[in-house]
Each structure stands twice: as structure tokens, then as C-alpha cells.
Amino acid sequence: MITLDRLNRSEAARYLGGAKVEMNDAMRALIDECEAQLLDTARPKYLYRVVDLPDETLIVGEDIKRHLSGCAKAVLLCATLGAEVDRLLRVTQVRDMARAVVLDSLASVAVEQVCNKADELIAAQNPEYHMTFRFSPGYGDYPIELQKEFLRRLDAPRKIGLSANESYLLIPSKSVTAIAGLSTSPVDVKKRGCATCNLRKTCRYRKNGEHCDI
Amino acid sequence: MTFESLLQKKEFILLDGAMGTLIQKSGAKYDHCPETLNITQPDLITSFHKAYIEAGADIVYANTFGANAYKLSDSGYSVEEIISAGVANARKACEGTNALAALDIGPIGMLLEPAGSLRFEEAYEYFKQQILAGSDADLIVLETMTDLYELKAAVLAAKENSDKPILATMTFERSGRTFTGVSPAAAALTLSGLGVNALGVNCSLGPDELEPVISEMTRYTDLPLIVKANAGLPDPNSNEYDILPDRFASCVRALLPYGVKFVGGCCGTNPDYIIELCKMLKEEHYQPCPKSADTAVCSAATVVEVDCPRIVGERINPTGKKLFKQALVDNNIDYILTQALSQVSGGAEILDVNVGHPEIDEKQMMTRVLKAIQSVCDAPLQIDSTKPEVLEAGLRCYNGKPIVNSVNGEEKSLSSVLPLVKKYGASVVGLTLDEGGIPKTADGRFAIAEKIVDRAVSLGIDRRDVYIDCLTLTVSAEQDACRETLGALHRVKTELGCKTCLGVSNISFGLPNRELLNSTFLTMAMEEGLDLPIINPNLEVMTGAVRAYRVLSGHDKNSRDYIECYNDFSSAPKAQPQGAMSLEDAVYSGLKNEGAQAAQKLLENTDPMVIVNEMLIPALDRVGEDFEKNKIFLPQLIQSANTAQECFDVIKKHLSKSGESSVSKGKIILATVKGDIHDIGKNIVKVLLDNYGYTVVDLGKDVDPQLVVDTAVRQNITMIGLSALMTTTLKSMEETIRLIRQTPELQNPDGSSRCKVFVGGAVLTYDYAMKIGADYYCRDAKESVDAAKDVLG
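Residues numbered from 1 in each chain as written. Chains lettered and ligands numbered in written order. Predicted model: local features only at pLDDT ≥ 70, side-chain atom pairs only at ≥ 80, totals over all residues. Heavy atoms only, no water.

Visitor: Help me understand the overall build of chain A in this model?
Guide: Per the secondary structure count, chain A includes 8 helices and 6 strands. For chain A, the N- to C-terminal ordering of α and β elements is α-α-β-α-β-α-α-β-α-α-β-β-β-α. Evaluated residue by residue, chain A yields a buried proportion of 57% over its 214 residues. Taking the intrachain contacts of chain A between residues at least 6 apart in sequence as the baseline, contacts between residues at least 24 apart amount to 76%. (Helix = DSSP H or I, 4+ residues; strand = E, 2+ residues; numbered from the N terminus. Buried < 20%, exposed > 50% of the residue type's maximum accessible area, 1.4 Å probe, protein only. Contact = heavy atoms within 4.5 Å.)

Visitor: Please clarify how the overall build of chain B should be interpreted in this entry.
Guide: For chain B, the helix and strand inventory stands at 30 helices and 24 strands. Taken over C-alpha atoms, the radius of gyration comes to 30 Å for chain B, in line with the 28 Å a tight globule of 793 residues would show. With the principal axes as the frame, chain B shows a C-alpha extent of 95 × 75 × 50 Å. In chain B, 73% of the contacts between residues at least 6 apart in sequence involve partners at least 24 apart. Approximately 31200 Å² of chain B is accessible, and the part contributed by carbon and sulfur atoms is 50%. Across chain B, the mean location of the 77 positive side-chain charges is 1 Å away from that of the 106 negative side-chain charges. (Rg over C-alpha atoms; globule rule 2.2 N^0.38 Å. Areas by Shrake-Rupley, 256 points an atom, 1.4 Å probe, with all protein chains shown as cover. Lys, Arg positive; Asp, Glu negative; His and termini not counted. Charge placed at Lys NZ, Arg CZ, Asp CG, Glu CD.)

Visitor: Which parts of the structure should I look at to understand the sheet that holds strand β3 (residues 130-131) of chain A?
Guide: Backbone hydrogen bonds are what pair the strands of a sheet, in a parallel or an antiparallel way. Residues and elements named next belong to chain A. Strand order across the open sheet formed by 4 strands is β1-β2-β6-β3, with antiparallel pairing between neighbours. Two strands lie at the open edges of the sheet, namely β1 (45-52) and β3, each paired on one side alone. Seen against the sheet, helix α5 (residues 97-125) touches β1, β2 (73-80), β3 and β6 (175-183) and runs at an angle of roughly 145° to β2. (Pairing = 2+ DSSP bridges. Axes fitted to C-alpha atoms, helices over the stretch in contact; angles between N-to-C directions.)

Visitor: What should I look at first to understand the state of the cysteines in this one?
Guide: Here is the idea: a disulfide is a covalent bond, and it sits between the sulfur atoms of two cysteines. Residues and elements named next belong to chain B. The full count for this structure, using the stated rule, is 0 disulfides over all chains. Unpaired in terms of disulfides, Cys-94 finds its nearest cysteine sulfur in Cys-278, a separation of 15 Å. Note on Cys-308: no disulfide assigned, nearest cysteine sulfur contributed by Cys-565 at a separation of 13 Å. (Disulfide = S-S within 2.5 Å.)

Visitor: I would appreciate a short explanation of the environment of Val-492 of chain B in the present structure.
Guide: Residues and elements named next belong to chain B. When you line up the elements, Val-492 lands in helix α18 (residues 481-495). On the accessibility criterion, Val-492 (0% relative accessible area) is buried. For Val-492 and Tyr-467, which are 25 residues apart along the polypeptide, the C-alpha to C-alpha distance reads 9.8 Å.

Visitor: Please clarify how the side chain of Gln-374 of chain B should be interpreted in this entry.
Guide: Tracing the backbone shows Gln-374 of chain B in helix α14 (residues 362-376). When its relative accessible area of 15% is taken as the criterion, Gln-374 of chain B is described as buried. With sequence-adjacent residues up to four places away left out, Gln-374 of chain B is seen in contact with Arg-87 of chain A together with Leu-381, Cys-397, Tyr-398 and Asn-399 of chain B.

Visitor: How should I be thinking about the interface of chain B and chain A in this particular structure?
Guide: When the parts of a complex come together, some accessible area is lost, and that lost area is often used as the size of the interface. Contacts between the two partners involve 56 residues from chain B and, on the opposite side, 49 residues from chain A. For the pair chain B and chain A, the summed buried surface comes to about 4600 Å²; carbon and sulfur atoms form 59% of the total. If you sort the residues of chain B by the area they bury against chain A, Phe-179, Asn-630 and Phe-633 of chain B come out on top, with a joint share of 17%. The interface formed by chain B and chain A includes 2 salt bridges. Counting across the interface, chain B meets chain A through 11 residue pairs in polar contact (both at pLDDT 80 or more). Elements supplying a minimum of two residues to the side of chain B that touches chain A: α13 (333-346), α14, α25 (634-658), α26 (680-691) and α28 (727-742) of chain B. (Buried area = accessible area lost by both parts, 1.4 Å probe. Salt bridge = Lys/Arg side-chain N within 4 Å of Asp/Glu carboxyl O. Polar contact = N/O pair within 3.5 Å; in protein donor to acceptor, adjacent residues only side chain to side chain.)

Visitor: I keep staring at the sheet that holds strand β19 (residues 532-535) of chain B and nothing clicks. Help me out?
Guide: All names here are of chain B. Read around the barrel, 8 strands follow the order β11-β12-β13-β15-β16-β17-β18-β19 and close on themselves; strand pairing throughout is parallel. In this sheet, adjacent strand axes meet at a mean angle of 30° when their direction is disregarded. Across 3 bridges, the pairing between strand β17 (residues 466-469) and strand β18 (residues 499-503) is parallel. Directly across from Ile-468, in β18, lies its bridge partner Thr-500. Its contacts with the sheet put α14 on β11 (312-316), β12 (350-353) and β13 (381-384), and the angle it makes with β13 is roughly 170°.

Visitor: Help me understand the pairing of strand β3 (residues 100-105) of chain B, please; the structure alone is not making it clear to me.
Guide: A regular strand carries its side chains on alternate faces of the sheet. Residue and element names in this part refer to chain B. The buried count for β3 comes to 6 of 6 residues, which makes it a mostly enclosed element. In β3, alternate side chains face the same way, and those of Leu-100, Ala-102 and Asp-104 on one face and Ala-101, Leu-103 and Ile-105 on the other are all buried. When strand β2 (residues 59-61) meets β3, the two strands line up parallel, connected through 3 bridges. Paired with Val-60 across the strands is Ala-101, a residue of β3. Crossover connection from β2 via helix α5 (residues 79-94) to parallel β3: handedness right-handed. (Right-handed = clockwise from strand over helix to strand, strands pointing away.)

Visitor: Teacher, can you tell me more about the packing of helix α4 (residues 83-95) of chain A against α14 of chain B here?
Guide: Where α4 of chain A meets α14 of chain B, the closest approach of the two axes is 8 Å, and the angle between their N-to-C directions is 110°. Here α4 of chain A is positioned roughly perpendicular relative to α14 of chain B, judged by the angle of their axes. Within the contact between the two elements, α4 of chain A uses Arg-87, Arg-90, Val-91 and Val-94 of chain A and α14 of chain B uses Gln-374, Ser-375 and Val-376 of chain B. Split into classes, the residues belonging to the contact of α4 of chain A with α14 of chain B amount to 3 nonpolar, 2 polar and 2 charged. (Parallel < 35°, antiparallel > 145°, perpendicular 65-115°, else oblique. Nonpolar A, V, L, I, M, F, W, Y, C, P; charged D, E, K, R; others polar.)

Visitor: Help me understand the pairing of strand β20 (residues 667-672) of chain B, please; the structure alone is not making it clear to me.
Guide: Residue and element names in this part refer to chain B. Of all 6 residues making up β20, 5 are buried, and the element is well covered by its neighbours. Pairing of β20 with strand β21 (residues 695-698), which is carried by 4 bridges, proceeds in the parallel orientation. Bridge pairing in β21 links Ile-668 to Val-696. Taken together, β20, α26 and β21 form a β-α-β motif whose crossover is right-handed. Two strands pair when backbone bridges link them, and β20 and strand β22 (residues 719-723) are joined in this way by 4 bridges, in the parallel orientation. Across the sheet, residue Ala-671 finds its bridge partner in β22, namely Leu-722.

Visitor: Mind showing me how you'd approach the nonpolar core here?
Guide: Core analysis: the largest hydrophobic core is formed by 176 residues, its most contacted members being Phe-127, Leu-191, Leu-277, Val-353, Ile-373, Val-466 and Ile-468 of chain B. Among the elements that take part in this core, helix α7 (residues 148-161) of chain B stands out by supplying 9 residues, more than any other. In terms of domain composition, this core takes at least three residues from each of domain 1 (3-282) and domain 2 (296-566) of chain B. Formed by 87 residues, the second largest nonpolar core is a distinct cluster that contains Leu-4 of chain A together with Cys-647, Ile-651 and Leu-688 of chain B. (Core = buried A, V, L, I, M, F, W, Y, C linked by side-chain atoms within 4.5 Å. Domains from an automatic or database assignment.)

Visitor: I'm lost on α14 of chain B in this one. Help?
Guide: Working note: α-helix, 3.6 residues per turn, so residues spaced by three or four point in the same direction. All names here are of chain B. The terminal C-alpha atoms of α14, which comprises 15 residues, lie 21 Å apart, in line with the 21 Å expected from a rise of 1.5 Å per residue. Taken across its 15 residues, α14 has 12 buried, putting it largely inside the fold. The complete set of buried residues in α14 reads Glu-362, Met-365, Met-366, Thr-367, Val-369, Leu-370, Lys-371, Ala-372, Ile-373, Gln-374, Ser-375 and Val-376. One side-chain oxygen at the N-terminal end of α14 lies 3.1 Å from the backbone nitrogen of Lys-363; it belongs to Asp-361. (Expected span 1.5 Å × (residues − 1).)

Visitor: Help me understand the domain arrangement of chain B in this model?
Guide: Annotation of chain B at the domain level lists domain 1 (3-282), domain 2 (296-566), domain 3 (576-659) and domain 4 (664-793). The C-alpha centroid of domain 3 of chain B is placed 59 Å from the C-alpha centroid of domain 1 of chain B.

Visitor: Where do I start with the confidence of the model for chain A in this structure?
Guide: Fine structural detail should not be taken from predicted coordinates in areas where pLDDT scores are low. In the predicted model, chain A carries a mean pLDDT of 87, and 87% of its residues have values of at least 70. For chain A, helix α8 (residues 204-207) of chain A is the element with the lowest average pLDDT, namely 63, and β2 of chain A is the one with the highest, namely 95. (pLDDT = per-residue confidence, 0-100.)

Visitor: I would appreciate a short explanation of unusual backbone geometry in the present structure.
Guide: Leaving glycine out, the prevailing phi sign among residues is negative, and the prevailing peptide bond configuration is trans. Backbone torsion omega between Leu-53 of chain A and Pro-54 of chain A reads 0°, so that peptide bond is classified as cis. By the secondary structure assignment, Pro-54 of chain A is in the loop between β1 and α3 (62-67). Residue Ser-406 of chain B is bonded to the preceding Asn-405 of chain B through a cis peptide linkage, with omega at 15°. Following the sequence through the fold, Ser-406 of chain B ends up in strand β15 (residues 403-408). A positive phi angle is found at Cys-203 of chain B, which is not glycine, with a value near 60°. Unlike most non-glycine residues, Leu-471 of chain B shows phi in positive territory, near 70°.

Visitor: Can you walk me through the pattern of salt bridges in this structure?
Guide: Two side chains bearing opposite charge may form a pair once their charged atoms approach each other closely. Throughout the structure, instances matching the rule amount to 54 salt bridges over all chains. Here Lys-73 of chain A ties to Asp-52 of chain A by a salt bridge, and the two come within 2.8 Å at their closest N and O atoms. A residue pair is termed long-range when its members are at least 10 positions apart, and Lys-73 of chain A in strand β2 and Asp-52 of chain A in strand β1 qualify at 21 residues. The salt bridge involving Glu-284 of chain B is made with Arg-253 of chain B; its shortest N-O contact spans 2.8 Å. One end of the pair, Glu-284 of chain B, is in the loop between α11 (271-282) and β9 (296-299); the other, Arg-253 of chain B, is in helix α10 (residues 245-253), and 31 residues separate them in sequence.

Here you go:
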């Protein structure tokens, strides 16, 4: 069980316009309300499974090979905030769009926090290994089509109600699937950075000389 | 042995235990789907079935749980091959015994609309294929469902493509709901209505934790219940379950008094569990458990029991509403959703939905609107149309148990509407009129009511699911008619055992201070036995009358709801905000009320178009520039845009009063492309375009290319905006643009395209946008406005 008690607001603010924008009282109050509502609505769930490497089905493309090099095993992981958050986002988009974009950013931050917590729990249960950072289908040349395989191996639809549609979008939308390497020797845990990010050409943060936290 | 004779012969029906657990334990290897073992290792699968039959199982589930076209797509086998082999294996194990073989069907593996993108109609086709392939089975089991909508598609597919008995079970979380938020009560009501043979729970939790779910289900159904629980919870490391066979059986025993007739095991169970259940059942007797709740309607998440007056919101109806009619013609679904949500905020517990309008395809619109309302609103709905084909389309796509509005005493109506009500397990409003019109007397209306109720009961509809409407006539035209209506209402309620409803507002037509008459009439009607007042819930005096009545009649125990509604109530008039703000400041700060006031004031001495072009638009531009320069956050930009919208509305109203032309600068289509369901970006663009004075035709998300083209042709629109979030859905964007360019109606005489297409989305780049043939690449909502200005001015 993972519970969130607070959200990374500065990261959410960055999604909403960048770290350099000055926050006024009205915005701060709006974010407060939305944070409380989101924490109340989210039902964070996660699943993981350790697999032996090499695994021909899972290791496709150069980026993931590089990411998992030197790892004997890997962790398949998925996490979601649950269907109620999607519903909240849908309803709020009808009622109040400004509020909806704040909730949407906070939800993106929240699911990332759930993954970070899951990482810690998994690492604690596998103390004999060093764990790399997460790498998700769709990053770099790692095929998004693997989404289906991840979900199937984790039995995610049945166990936590997480599935994908025919375009491989995760449903509920505030969800993540990822793989992280387990190695007996120390690994570089640096985050994946901009090089393998598909958004690097259009990213608003990069344009502003910033970067996101992923 | 048939299912019916099994039911008669045995007090309890013993189901089998887990298949997956046995497969896993055996170490059998398979690619992707365990169902392929039906073909690669038929003897192994048959031996599992046999083990369960020897343990005492009366019904075994064939190994076909995931055998649908989606999950089998990369297995190398067809649905027909896997299912016929699976059913044959189960059949073989049953040979020489009294056991029955069930076709087992689980969830498709993709989520249905509105959470996902699989359409209800597509889900139906997946299930239909499985049901046809399993024609050799004795019965059909639908299990481990988390979405009532998906389960409804499966039940309809089973009913319409076979005559086999159906067992339907869902899996619940510890919260007492399924992953998609379905309550046990809603599942019981909906499935009973759809005519399954038994319903209940499988998988979920251990039987020790299922009492809350089972006890809630049994209140809402007369059907026998099914419990096929997990063997507790799995240990995350060893994957062993924590409830052993004898304890499993004793936990199940504790659930039998709730009308449980079918028991078995799910994940983690094996033949030992079935042996223990078999022993335990020999000492027990089946205890049928008739439903104890009053009649109810529901959505998938919310059940409304009609045990006291419940408010039906009347506002989703174009009759007499110019804006609503325009919204229907423009496909402006958001307008209707806003109406739905504001009625629920006002106190509506059920919403009437009527979209009849001569200029639109009512059947298509009903389906679209019902699905959209259900995506944001939990209130049960009342499907309102005079056309049986519209009612049926609505009933099919509704998730839950709705009310049909309406049937009347005419033979044509009775014979076309009531069978639909029965088939889809709905409730129905019965109007007391027939070929001869509305009878003048209470006795005349009572006679028609009796005829409607009798006919409904003869078709197997519960009389409490019939809501008789004794019809409100205008008191200014016929003063005595009010008494007749109330007299008929009283007799219907006390003598027929059915429920009642009444549209209230008509009473006061043509008289001043209508609310006073309406609320007084409403109170009189409730005292005569009115169950469903159909009213405008946003009129405080009307909802207030219902809430007060519930207190005074003793329904609202300890006045709890009343206190919750009125605790902060103050009778002092609200203070008017002081100090006028300039229009520009109000827009910049995103203050709606102040903006509207400023616009109102300006209209007294300023030309409307001057306000729009010289004040509103420049103020919006300033906000847009600040956003680009990272001076404000996106929500602030949207708040400003919404404030501008308020100002526009004030100006539009002024213009329509003075008969001047509209301020629309032209129509723009917006759509999130096929396969993509993330539409927040598109919605932000919509808000901004709206507020710059463009009329946006929003086609929503997951939009078929053909719909974009058809809309453009039909409404003669030449500006189209497309959004796609993912690399995987950029293909759909390309396809949509190609179709736009290829459509002759959207071309100039020289063959060039008449349409300007602007595109946006997280992964899109300028180069890619140009490559797929877009005219504008818009990085954000602000740039979409720039594109619109460029094209439409």
C-alpha cells in the first residue's frame, strides 16, 4: 500500500507554466484546494515482478539494452492513481477548466511520486541488488507496443484495474509502466534525461532552459 | 441433466475452483495465453475438470476465460479454435456424470468508454464471437467483471445470440466497489433487470471479507446469489493464499443466509477446497432471500431507492429553450453536460434526458448524450422520447437501470414500449392518456393507469417499476382539473401498488408568480403520494419543498439531509460586491462576475463591437502575451478566457435583444483524433477560441476521421483543429488530414483544399505537422488563436 500525504507542488507549477512564473495568492489557494481534492480521490496502487535477463520479448531496441547493461535481473513495475482520478478530471473539465489543468498537473506529479515510493519499497525488498532508474515503453526507441506485454505479465487489469487501449494509452490515464534493472554491481542511477525523451524537440522547459524531474 | 433440472434437484449448486492456479502449479508451458493449452495439452486441462467433478462440482468452467479476439490476437489461434477445444475438454470431463460444462467469459482486457476507448458496440461484438463459438456449452458464465457496462454488453450478447442460462459475477475491492466504481447494489439491480439466472461475486477477496458485498446485493434482487471467492490474499513472495480449505468452507457457510445458492472457489483454490465446500453444504439448506429494498433506479455507481419523493431534473429538454436547441444543432455536448452537473448540484437525484429536435438525428444524439452524461455524472437517468427506436438506442447504451419516459394507454405505445422496458430491465413512466386523449375525470385516468400497470405486470415487469403520471393540466385554463389530477394520483398510489410521477410546472402556465403555484401544487401532490416530481431543481423553492416534505413526512430521519443542505442558510439578502472594476482588469485577473458587470455597464453607452474589438480582445491578448513570456500560469490564462466568455455572453444577450447580428467570427471544428483519449489540451484550445468569439464545434475525443469530414461538409466549416498526444495516434492525425484533403466537397473548383487545418499535441513538431499536410502547427492554445485570426480574422 502506498499513500501520498503531500504532492510536489513546485514540479506541478512547472507543468503549469514554468518555475520562473511568480505565484500569486489566488493561484496558491487554487493549488491548495486541488491538492486536497486529488489526495482524497487518488487510490494509488502498484504491482511489480522480478524477471530474469536476458528476456527477448522485453528487451527490444538499443536504448533499453544500454539502460539494463550489466543487470542480471529486472523489475517490471506498474502504478496507477485509479479510475476515480480520471473521472474527477473529466467532471472538472466540464465545470471549471482552470481547475482541471491544475488537477491534471498535480495528478501527473502524484503518479510519479507513487512510482518513486514503489521504487524504494522494491529496492528495500531486494537489498542484494542495485537498482537502475525506471525506463518506460515509449522512451527513446523502446517500443510502446510492449505496454500490452507489461500489463499481461503483471496481470495488471485484474489486479489493479490497469489496462491499455489499442493505441497503447494506459487507462486509467494517470498510470505508469516501467522496467528497472537489478545489478549486483553498483549502477548509475541517473535519471533518464532528455536524450531519450520523445518530447525533447517540443519541450517547453528546455525552451526555458529548464528540465523536468523525470 | 439440464441447468433447470439441476436447479430443481439440488438445494445448492457447487461450482469448480481455480483453473489458473492448477495450470501454474502443473508448470505447463504456454505462450501468452493459458487458453492455448486447450489445444496443446487437452488431456491436462480435462484432468483438472475431472478433479473438480470428483470433488463434487456440479458445474465446471471451460478454460476459455480470456479467449477473446483481443487477448488471442498474438496467440496464433482463432477464438473459435480455442473455445471449441476448451468446451470439448470440459464436456469430455463431464461424460458419464451429471456435471455441466460452462462457457467461461472474462473481461476483454481493454477498458470501455468513457474511461477507456473501446465502444460499447465493439465490446458486444467481442462477446458475441465468443458466445457463438461456445454453442456446445450448457450455460454461459460471465465473471471477474469490474465494469458493469462491459458486463451489460456481455449479457446482451449472450441473450441475443443464445438461449443458455447466464451466471454473472463481478469482482470487488476492499472498498466495497469494483475498480471502475460499481456498487454491489447497482450490479444486483442492473443484472436482475437484464434477466440473468443468478448473480454474485467471484475473485475479489477471501470469503471472510465478502459479507458487506453479498448483504448489499441481496437487498436489491430476488435471484439466487453466487459466491466464488479467492482463497484469501496471496503472499507477495510465495504467491500462496492464506485461507485453507476448512476455513474457506466455514466462511462461505456464513454467507448462505443471504440467499447464496451457487458456491465455488476462485484464485488460489483447488479440488481440496471444493471437497470441503461439498461437505459443508450437505449440512445446510438453501434460504431464498427476497429483495428487501423498495424499487430503485441506478447508474453504475449510484442507486436511488424510491422510498420517498425523489427529484427528477427536467432541464435537459429542448422544448421552449432556444440555447438548448442551438446546442443540439451545433453538437455542443458540453452545454448539455453543464446542464446535467448544475441540476445535480441543485439537488436533482435523477435526470430526465430529452434531445428531440426536428433538425437532428434523435437516435444518434440520444446515444451520444447519454454516454457523455454518464461519463461525468452519477445520477440515474430517465430516457425521454416519443420514439420507440430512440428509447431502445438509449436503453442499450445506458449503464445501470434507467427509467423510460414514457408509455401511454394507446395500444400502439403499450405494444412497442413495454417489451423494451422488460428486455432491458428498466422502469417506465406511464402517461394516463390514450387514443381518446386525456380523460377529464380522475376515474378515467385511473382506468388507463390500471390498464398500463396490468399490461406491464403481464410482461413480467414489477408493478413498482411503473411510475404513473396522472398529467398536470394548466389551472388557468381549467381550474377544476387540478383536483382531478390529484384525485387520480391518490387512487393510483393507494390501489394499484405502483409508483407515481408528475411534471409539475405546467400547472401555473399563464399566471404570474409561477413558482408560488408550482411549489404549492408540488406539496399537495406529495401529500397524495407523488414519488417522482419532475421539476427544475435549480429553483430553490421547488427542491426546498421536497426536502421539507421529507422531513415533515418522517422520511428524512433526524432531518439529516435537510440540516446538511441548510446548515449555512441565511435569510439575509446577499451583499452586492462593491466597487466597479474595469473590463480589462476583470479579464486580466480572471474575475467572472466583475467582468460581466463591467460589460453590462459598458453596454449602456458603448457599441458592442467596440467593447469586443477594442477592450475584450486586447485584454485577452495581453494575458496571452504574459503567458508566452512566462509571467502567468496556464490556469490564469484559462480563468481570463472564461471571464471573457462571461462578457461575451452578456454582449450576445444584448445583441439578440436588440436584434443585431451575432458576434461569431466563424465556425471551427475541434477534435482529438481517433485512438486518442487525452483531450485536456484540445479543451484548453476550445476555451480560448470560444472566448475570442469563434464558434467551436467540438467533436470530442477518439474521433473518427469520417466524422470530422462529414461535419465540415454538413456545416460548411473550413477551419479544423486536430489534437494528438501520442506518437501512436499521430497516424490517425495524418489519416484525418488526408481524408479532409481528398473529400471533393471540401475542395475548391481547382482541386485545392478549402480547409485550413491546424494541429497540436505534445509530441508533434513543426516539421512533422508540415509533413502530414497541416497548414498550421500550434504549440499551445495561444498559437491556435493566432491561426484562427489568420484564417477567419
